[in-house]
Amino acid sequence: MGILISIIIALFVGIILVIYGMREYSDGASILGWVLTIVCGVVVAIMLICASTLPADFEYIEEKYNNLKAQLEEVDRDDIVTGENLRNQALDMNNEISKHRCYSKNMWVSMWYSERIGNLEPLKWKSMKEKAKED
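So, how was this worked out
- Residues numbered from 1 in each chain as written.
- Predicted model: local features only at pLDDT ≥ 70, side-chain atom pairs only at ≥ 80, totals over all residues.
- Heavy atoms only, no water.
- Patch = residues over 30% accessible without salt bridge, like charges linked within 9 Å, V, L, I, M, F, W, Y side chains within 5 Å.
- Areas by Shrake-Rupley, 256 points an atom, 1.4 Å probe, with all protein chains shown as cover.
- Salt bridge = Lys/Arg side-chain N within 4 Å of Asp/Glu carboxyl O.
- Helix = DSSP H or I, 4+ residues; strand = E, 2+ residues; numbered from the N terminus.
- 1 Å grid on protein atoms, 1.4 Å probe; cavity = no way out; pocket = protein on both sides within 12 Å on 5 of 7 lines; lining within 4 Å.
- Points joined across faces, edges and corners; volume = space filled by probe spheres on them.
- Nonpolar A, V, L, I, M, F, W, Y, C, P; charged D, E, K, R; others polar.
- Expected span 1.5 Å × (residues − 1).
- Buried < 20%, exposed > 50% of the residue type's maximum accessible area, 1.4 Å probe, protein only.
- Arc of directions from axis to C-beta.
- Phe/Tyr/Trp six-rings, centres within 6.5 Å; stacked < 30°, edge-to-face > 60°.
- Axes fitted to C-alpha atoms, helices over the stretch in contact; angles between N-to-C directions.
- Parallel < 35°, antiparallel > 145°, perpendicular 65-115°, else oblique.
- Left-handed = near helix turned anticlockwise from the far one by under 90°.

A.B. asks: What exactly am I supposed to notice about a nonpolar patch on the surface here?
C.D. replies: Side chains of Met22, Trp34, Ile38, Val42 and Ile46 sit close together on the surface and give an oily, nonpolar patch of about 500 Å² of accessible area. With 4 residues, the top contributor of residues to the nonpolar patch is helix α2 (residues 27-51). With respect to the secondary-structure elements, Ile38 resides in helix α2.

Listed below in structure tokens is the structure:
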């Protein structure tokens, strides 16, 4: 959120420079103002367009979490040798949860991370021995 706010402030500074440059007949201030206004305006527009999809992205991550959690509760063993085995998927999801937990509190990038995802319970891999004890 801090990045968005600072770019919006730079946008207003650019607009002020354009107005100042036109009133005082200062080509340097006017050119700098136009460049700053155009660049910051484009960046703000792109950031807002990207931010419009964030709720859906966060819901997708939560659904992936729920699907993986259900698989971990049901599977008896995971003997897939590739990087797509359940252990690696659980580790990747736990890393995603940790990332959201840390970055959702950061002033500069909190807009792109969800505190709700950061509060999800990390997934646990149950070994064959643990599952046998439960049964």
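A.B. asks: Mind showing me how you'd approach the layout of surface pockets here?
C.D. replies: Once rolled over the atoms, a probe with the size of a water molecule shows which space is left empty. Looking at the second largest pocket, its volume works out to about 170 Å³. Forming the walls of the second largest pocket are Tyr65, Lys69, Leu72, Glu73, Glu121, Pro122, Leu123, Lys124 and Lys126. Here the lining of the second largest pocket is composed, by residue class, of 4 nonpolar, no polar and 5 charged.

A.B. asks: Would you mind showing me how to read helix α3 (residues 54-74) here?
C.D. replies: An α-helical turn contains 3.6 residues, so any two residues separated by three or four positions project in the same direction. Over its 21 residues, α3 extends 31 Å from the first C-alpha to the last, a length consistent with the 30 Å expected when each residue adds 1.5 Å. Among the residues of α3, those classed as buried are Leu54, Phe58, Ile61, Glu62, Tyr65, Leu68 and Leu72. For α3, the buried positions fall inside an angular range of 125° around the axis, keeping them on one side. Projecting away from the buried face of α3 at angles above 90 degrees are the exposed residues Ala56, Tyr60 and Glu74.

A.B. asks: Explain the pattern of salt bridges to me, please; I cannot follow it from the model alone.
C.D. replies: Note on pairing: side chains with opposite charge can pair once their charged atoms come close. Inspection of every chain in the model, using the stated rule, returns 2 salt bridges. Residues Glu62 and Arg116 are paired through a salt bridge, measuring 2.5 Å at the closest nitrogen-oxygen approach. A residue pair is termed long-range when its members are at least 10 positions apart, and Glu62 in helix α3 and Arg116 in helix α5 (residues 115-118) qualify at 54 residues. In this structure, Glu121 and Lys124 form a salt bridge, with 3.7 Å as the shortest nitrogen-oxygen distance.

A.B. asks: In this structure, what is going on with the environment of Val39? I would like to understand it.
C.D. replies: Take Val39: it is sitting in helix α2. You can call Val39 partly exposed: its relative accessible area is 48%. Spatially, the C-alpha atoms of Val39 and Ala10 are 9.6 Å apart, while their sequence positions differ by 29 residues.

A.B. asks: How should the packing of aromatic side chains be read in this particular structure?
C.D. replies: The way to describe two aromatic rings as a pair is by their centre distance and the angle between their planes. Following the criterion strictly, the structure yields 1 aromatic pair and no others. Between Tyr103 and Tyr113, the ring centres sit 5.0 Å apart and the planes meet at 40°, which makes this aromatic pair tilted. Placement of the pair is Tyr103 in helix α4 (residues 86-103) and Tyr113 in the loop between α4 and α5, with a sequence separation of 10 residues. On the basis of relative accessible area, Tyr113 is assigned to the partly exposed category, the value being 22%.

A.B. asks: What's the story with the packing of helix α1 (residues 2-23) against α2 in this structure? I'm lost.
C.D. replies: For any two helices packed against each other, the geometry is given by the interaxial angle and the distance between the axes. Across the interface, α1 lies against α2 with an axial gap of 7 Å and an inter-helix angle of 150°. As far as their axial angle goes, α2 and α1 are roughly antiparallel. The interaxial crossing formed by α1 with α2 has left-handed handedness. Among the residues making up the contact of α1 with α2, the classes are represented as 21 nonpolar, 6 polar and no charged.

Everything listed is a geometric property; what it means functionally is a separate question.
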